[in-house]
Amino acid sequence: MPNEILFLLLAAPVLAALMMPPSAAAAADIEQQDVFLAGKDGYHTYRIPSLTVSAKGTVLALAEGRKGGSGDSGDIDLVLKRSFDNGATWQPMQTVHDDGPNTIGNPCPVVDRETGTIWLPLTRNLGEDREREIMKRTAKGTREVWITRSTDDGATWSKPVEITATCKAPDWTWYATGPGGGIQLKTGRLVIPCDHALAGGGMYRSHVIYSDDHGTTWRLGGVIGDRVNECQVVELGDGTLLMNMRSYRGKGYRAIAASRDGGLQWTAPEDDPALPEPVCQAAMVRFNDPQNPAQALLAFSNPAGVKREKMTVRLSADEGKTWPASRLLNAGPSAYSALALLADKRLACLYERGEKSPYERITLARFAVEWVRPADKDSKQ
């Protein structure tokens, strides 16, 4: 075979990649792998994914390990898998906290960039107590707020400490931290998005808790309401906090609110028609564009339809005013999700999905930002 022909054959894949249209190249830049599989490692179902990246670049994927079934009550533990190569491979699953037959869940970690400590708020209730009973105050116990921490990139965790007294009002019944992730403000304040239900009617509302002493003490911040609950928060360029919330307002959209004092006071919730939802949890993060570090972007993920399916990732370059770019991660059943920017500057989305049910597995999708905003507008979902 002539050398010229041999060279062309060997070089063909490289030449094809170089000649590939930008949108096609971006579409190819996505990897998906299952991290938690229902029925594996001693648990019936895994739910409520949470994702964070440590100061050293370790990826932490958290979830609730539900032993007896897929429901929200019963024997539920908080489990974790870690990755040292941006989510390509994972260490064996470890247990962050197991409280016997009781319910531990709603992970919402935040990394303190000054100390490197990973703080992990969570919730606890008796395994026999159901949400409806807790809301009616007919349960044996109530919903409690706890926190643990890791100073070694998630290898070990401290014994959880209860912080209910400073983070839950007396007339609140149900309570959830996150789920998803918290943030650290430019001031150093740690902020955890949460939600609760009011006694005597069960109205859902969102709120935050915060720490100004690197996690030593936690306090209750401002409340947003009514008819919103599970939420995620980001700090915008001017210091404003933007809260994005699951909505029971009956419009079929996500709800948003803003705070200009670090989370102590919030505007009334408003609908965001650009973000449809089937009443479900969603994820949101803010980061600098890897292709243009001077430009900040918001990423958002949720099942974007009238039911829990069509896991979609969206991008905003104007602090959430508009969401012009979007791509579909999974067309089938999909539910809760968590987002993080990896050390290699790709986005990662840890989300629930399946064939018949959204709760069959929790999958990690990794992709370049350009994958979400392809040049070919026809490829948007």
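Look above for the structure.
This one's a predicted model, so the numbers in the text were calculated from it and none came from an experiment.

## Side note on the overall build of the protein chain
No. 1: Within the protein chain one finds five helices and 25 strands.
No. 2: Its C-alpha atoms give the protein chain a radius of gyration of 21 Å, within 12% of the compact-globule value 21 Å for 381 residues.
No. 3: With respect to the principal axes defined by its C-alpha atoms, the protein chain has extents near 85 × 45 × 40 Å.
No. 4: Here the protein chain holds 381 residues, and the buried ones make up 56% of them.
No. 5: In the protein chain, of all internal contacts separated by at least 6 residues, the share reaching a separation of at least 24 is 52%.
No. 6: For the protein chain, the exposed surface amounts to about 16100 Å²; the carbon and sulfur share of it is 52%.
No. 7: Looking at charge distribution, the protein chain has the averaged site of its 44 positive side-chain charges lying 3 Å from that of its 46 negative ones.

## Brief notes about the pairing of strand β13 (residues 190–198)
No. 1: Burial runs high along β13: nine of the nine residues are buried.
No. 2: Neither face of β13 is open: one carries L190, I192, C194, H196 and L198, the other V191, P193, D195 and A197, and all of them are buried.
No. 3: As paired elements, strand β11 (residues 172–177) and β13 share four bridges and run antiparallel to each other. Within β13, the position partnered with T177 by the bridge is C194.

## Focus: the sheet that holds strand β18 (residues 253–259)
No. 1: Pairing in this open sheet of four strands is antiparallel, and the strands run β16-β17-β18-β19 from one edge to the other. Since the sheet does not close on itself, it has two edges, and those belong to β16 (228–235) and β19 (270–276), each with one partner. Taken over all neighbouring pairs, the strand axes of this sheet differ in orientation by 35 degrees on average, direction set aside.
No. 2: Note that β16 and strand β17 (residues 241–247) share six bridges and pair antiparallel. Note on β17: the bridge partner recorded for V233 is M243.

## Regarding unusual backbone geometry
No. 1: Residue P179 is bonded to the preceding G178 through a cis peptide linkage, with omega at -10 degrees.
No. 2: Examined against the element boundaries, P179 turns out to sit in the loop between β11 and β12 (183–184).
No. 3: Unlike most non-glycine residues, H214 shows phi in positive territory, near 60 degrees.
No. 4: Within the secondary structure layout, H214 lies in the loop between β14 (204–211) and β15 (219–224).
No. 5: Although it is not a glycine, E319 adopts a positive phi angle of roughly 60 degrees.

## Notes on the sheet that holds strand β20 (residues 283–289)
No. 1: Here we have seven strands laid out as an open sheet, ordered β1-β25-β24-β23-β22-β21-β20, and antiparallel in their pairing. A single partner strand is all that each edge strand has here, and the edge strands are β1 (30–37) and β20. In this sheet, neighbouring strand axes are inclined to one another by 25 degrees on average, regardless of whether the strands run parallel or antiparallel.
No. 2: One ladder, built from six bridges, connects strand β21 (residues 292–303) with strand β22 (residues 309–316); its direction is antiparallel. Residue P303 lies in a different strand from β22, and its bridge partner there is M311.

## Section: the pattern of salt bridges
No. 1: Taken as a whole and assessed by the stated rule, the structure comprises 21 salt bridges.
No. 2: Linking R366 and E31 is a salt bridge whose minimum nitrogen-to-oxygen distance equals 2.3 Å. Residue R366 is located in strand β25 (residues 361–367), and its partner E31 is located in strand β1; the two are separated by 335 residues in the primary sequence.
No. 3: Taking the relative accessible area as the measure of exposure, R366 reaches 6% and is therefore buried.
No. 4: Overall, the relative accessible area of 38% leaves E31 in the partly exposed class.
No. 5: We note a salt bridge from R249 to D271, for which the minimum N-O separation is 2.9 Å. Pair noted here: R249 is in the loop between β17 and β18 and D271 is in strand β19, with a separation of 22 residues, a long-range link.
No. 6: Through salt bridges with shared partners, a single network forms among E31, D344, R346 and R366.

## Quick look at the layout of surface pockets
No. 1: Empty space within the largest pocket amounts to approximately 920 Å³.
No. 2: Contributing to the lining of the largest pocket are 30 residues, with G182, I183, Q184, V285 and R286 lying nearest its centre.
No. 3: For the lining of the largest pocket, the secondary-structure elements that each account for two or more residues are β2 (45–53), β7 (110–111), β12, β16, β20 and β23 (325–341).
No. 4: Counting residues per element, the lining of the largest pocket draws most heavily on β20, at six residues.
No. 5: Considering only residue class, the lining of the largest pocket consists of 18 nonpolar, eight polar and four charged.

Rules behind the numbers
- Residues numbered from 1 in each chain as written.
- Predicted model: local features only at pLDDT ≥ 70, side-chain atom pairs only at ≥ 80, totals over all residues.
- Heavy atoms only, no water.
- Helix = DSSP H or I, 4+ residues; strand = E, 2+ residues; numbered from the N terminus.
- Rg over C-alpha atoms; globule rule 2.2 N^0.38 Å.
- Buried < 20%, exposed > 50% of the residue type's maximum accessible area, 1.4 Å probe, protein only.
- Contact = heavy atoms within 4.5 Å.
- Areas by Shrake-Rupley, 256 points an atom, 1.4 Å probe, with all protein chains shown as cover.
- Lys, Arg positive; Asp, Glu negative; His and termini not counted.
- Charge placed at Lys NZ, Arg CZ, Asp CG, Glu CD.
- Pairing = 2+ DSSP bridges.
- Axes fitted to C-alpha atoms, helices over the stretch in contact; angles between N-to-C directions.
- Salt bridge = Lys/Arg side-chain N within 4 Å of Asp/Glu carboxyl O.
- 1 Å grid on protein atoms, 1.4 Å probe; cavity = no way out; pocket = protein on both sides within 12 Å on 5 of 7 lines; lining within 4 Å.
- Points joined across faces, edges and corners; volume = space filled by probe spheres on them.
- Nonpolar A, V, L, I, M, F, W, Y, C, P; charged D, E, K, R; others polar.

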